[in-house]
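Given next are the chains, with one letter for each unit.
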Amino acid sequence: MGILYTHLILPLVEPERHAGLPGRLRQIKKFDRLPERQQRKIQQDRLRKLLEHAYTTVPFYRRQFDAAGFHPREARVDHPLPLPVLTRSDLRTAATWLVSSAFPAEKLRVALSGATDRMPVRFHRDIEGVRDKVALKMKLDEWAGFQAGDSAMMLWGATSDPAREFNWRWRVYEGVFMRQTPPPPGVVGIDVLEKWRWRYEKQRPRILCGRATVLAVFAAYLRERGVTHRPQAVISTAEVLSVPHRRLLSSVFKTAPFNYYGRRDVGMIAAECSEHEGLHFHPWGSFVEFDPIGQSPDGPVYRLLVTDLLNYGQPFIRFDTGDCVTLTEQSCSCGRWFPLAGKIVGRIEDGAVFANGNLVPDITFIDPLNPSKAPLHPVLALPEKRKRPVNRNRQNKRAMSA
Ligand SMILES: [Zn+2]
């Protein structure tokens, strides 16, 4: 099924995102088979190439590199880049100064940062970068055993593009060609859970994928209703997958969930392998830096800085994601050397549960409800000790699953 989809159906049905997909997948597969030393060398070459491109075609970076006395050929993947971080504020204020002059407008695609941003930011990607990101995500999906064309049920709950929800062409594309069932966004109450259960039992998906909070609520509901279908893989993304949620998903679906790390601005860049020992940041897609910022009960905490190696349209260099991670001491049993984060601990894009029990996924409260006015270091107020508003999801989720 996978090759038929990746080599024929997807490039034909949606060339915008899948043109050249077989070649892109081959490149990553070839990279994956190389020894560590060569992979590091390739990552360094790709990093320097991106920085060189940024220096010559992006005014914002030319000024910044010159001010730092830095030249792209000095970049090394075993050292932090001696450059300032790129902030969301930079994305807003610098705007077109961050876009590469190497691309005509028709080769660029505009996107918006996460729906949870108080002020979502517009950014650009070149079309080849978009396609490379799709290919990388497919390779990461393979770690969970998810092949293109597998029957998959998606539980996003919220969407960045509500127009898709009402677009029959999009629904045909996702339902028929991608074999994916995206449920409608919005408030997840009992009526929605019941519709999802019906669809889940009818479709019997091989893959169940969604936001951690939504998956957890759905899992608790399925258990309560005695539903017996078990997907081959459960994939959690877009939110922190807490230990209680991980336990709940493992218990209900009889399989350990795969955690992903991705963002709208840099795409899917990390995933768990079958060993479930942490999140691997794939070096084909990004160069990540871990900037120490404090301590937590789980050990030192690092701010995650990402240099996106796939987007040449608007380079993201040392982008401050606002997410914080812990690192694992040991390397993963799978043998990959790829940077390994133990946990993403600081994401604030959790769902919210209101007094009537309804879940609204992907919500970040703004002032005065949000206790973290400075989301740059949300991890410094860790979940167990963090003062949460009374109706945030964690304690309510306990009540819902009790
Ligand atoms: Zn691994």
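Up top is the structure these notes are about.
Keep in mind the model is a prediction, meaning the values are calculated, not measured.

**Student:** Give a detailed account of the coordination of the zinc ion, specifying residues and quantitative values.
**Tutor:** Distances from the zinc ion to its protein donors, namely C273 (SG), H280 (NE2), C332 (SG) and C334 (SG), fall within the range 2.1 to 2.3 Å. With four donor atoms in place around the zinc ion and angles of 103 to 118° between them, the coordination shape is tetrahedral. Each donor residue of the zinc ion lies on the same chain, and together they follow the pattern C-x6-H-x51-C-x1-C. Residue C332 is classed as buried on the basis of its relative accessible area of 5%.

**Student:** Account for the pairing of strand 11 (residues 299-308), naming residues and giving values.
**Tutor:** Side-chain direction in a regular strand flips from residue to residue, so the side chains alternate between the two faces of the sheet. Burial analysis of strand 11 places nine of its ten residues in the buried class, the great majority of the element. Alignment of strand 10 (residues 286-296) against strand 11, held across ten bridges, turns out to be antiparallel. Each bridged residue has a counterpart across the sheet, and for S296 the counterpart in strand 11 is G299. Between strand 10 and strand 11, which pair antiparallel in sequence order, lie two residues. Here strand 11 runs beside strand 12 (residues 319-327); their pairing, made up of four bridges, is antiparallel. Its bridge partner lying in strand 12, R303 is registered against C324.

**Student:** Break down the pattern of salt bridges for me, citing the residues and quoting the values.
**Tutor:** Under the definition given, this model contains 22 salt bridges. Residues E128 and R24 are paired through a salt bridge, measuring 2.6 Å at the closest nitrogen-oxygen approach. Note that E128 is positioned in helix 7 (residues 127-143) and R24 in helix 3 (residues 21-33), a separation of 104 residues in sequence. One salt-bridge network, held together by shared partners, links R24, E128, R131 and D132.

**Student:** I'd like a description of unusual backbone geometry, backed by residues and values.
**Tutor:** Positioned with a positive phi, A95 is a non-glycine residue whose angle comes to about 40°. In this structure, A95 sits in the loop between helix 6 (88-94) and strand 1 (108-112). Even without being glycine, A238 reaches a positive phi, approximately 75°.

**Student:** Can you explain helix 3? Please cite residues and give values.
**Tutor:** The end-to-end C-alpha distance of helix 3 is 19 Å, a good match for the 18 Å that 13 residues give at a rise of 1.5 Å each. Of all the positions in helix 3, only L21, P22, R24, L25, I28 and F31 are classed as buried. For helix 3, the secondary structure elements touched by its buried residues are helix 1 (2-13), helix 2 (15-18), helix 4 (36-57) and helix 7.

**Student:** How would you explain the side chain of T57 if you had to name every residue and give the values?
**Tutor:** Residue position: T57 is located in helix 4. There is a polar contact of 2.8 Å between the side chain of T57 and the backbone oxygen of H53. If we skip the residues at most four places from it in the chain, T57 touches V99, S100, S101 and A102.

**Student:** How would you summarise the environment of R125 if you had to cite specific residues and measurements?
**Tutor:** Note on placement: R125 falls in strand 2 (residues 122-126). Classification of R125 by relative accessible area gives buried; the value is 14%. In this structure the C-alpha to C-alpha distance between R125 and N311, which are 186 residues apart in sequence, comes to 5.7 Å. When sequence neighbours within four positions are dropped, the list of residues in contact with R125 reads K107, L108, R109, V130, K133, R264, D265, V266, G267, N311 and G313.

**Student:** Describe the nonpolar core, listing the residues and the values that go with them.
**Tutor:** Across soluble globular proteins, nonpolar side chains show a tendency to be buried alongside one another. Counting 39 residues, the largest nonpolar core has Y61, L81 and I317 as its most contacted members. The element that contributes the greatest number of residues to this core is helix 4, accounting for five residues. Excluding its chain neighbours within four sequence positions, the residues that come into contact with Y61 are A54, L86, L98, P315, F316 and I317. By size, the runner-up hydrophobic cluster in this structure holds 32 residues, among which are I28, A135, L136 and C209.

**Student:** Quick rundown of the pairing of strand 2? Include the residues and the values.
**Tutor:** Within strand 2, four of the five residues are buried, which leaves it mostly tucked inside the rest of the structure. Two elements, strand 1 and strand 2, share five bridges in a ladder whose sense is antiparallel. Bridging from a neighbouring strand, V110 pairs with H124 of strand 2.

**Student:** Can you explain helix 5 (residues 59-68)? Please cite residues and give values.
**Tutor:** Here helix 5 has its buried residues at F60, Y61, Q64 and F65. End-on view of helix 5: buried residues confined to an arc of 120°, all on one side of the axis. In helix 5, those exposed residues whose orientation departs by more than 90 degrees from the buried face are R63 and A67. Summarising the contacts, the buried residues of helix 5 are in contact with helix 4 and helix 6. A positive phi of about 65° marks G69, the residue just after helix 5.

Thresholds applied
- Residues numbered from 1 in each chain as written.
- Predicted model: local features only at pLDDT ≥ 70, side-chain atom pairs only at ≥ 80, totals over all residues.
- Heavy atoms only, no water.
- Donors = N, O, S within 2.8 Å, 3.2 Å for Na, K, Ca; no water.
- Tetrahedral: all angles 85-135°; square planar, octahedral: opposite > 155°, others 65-115°.
- Buried < 20%, exposed > 50% of the residue type's maximum accessible area, 1.4 Å probe, protein only.
- Helix = DSSP H or I, 4+ residues; strand = E, 2+ residues; numbered from the N terminus.
- Pairing = 2+ DSSP bridges.
- Salt bridge = Lys/Arg side-chain N within 4 Å of Asp/Glu carboxyl O.
- Expected span 1.5 Å × (residues − 1).
- Contact = heavy atoms within 4.5 Å.
- Polar contact = N/O pair within 3.5 Å; in protein donor to acceptor, adjacent residues only side chain to side chain.
- Core = buried A, V, L, I, M, F, W, Y, C linked by side-chain atoms within 4.5 Å.
- Arc of directions from axis to C-beta.

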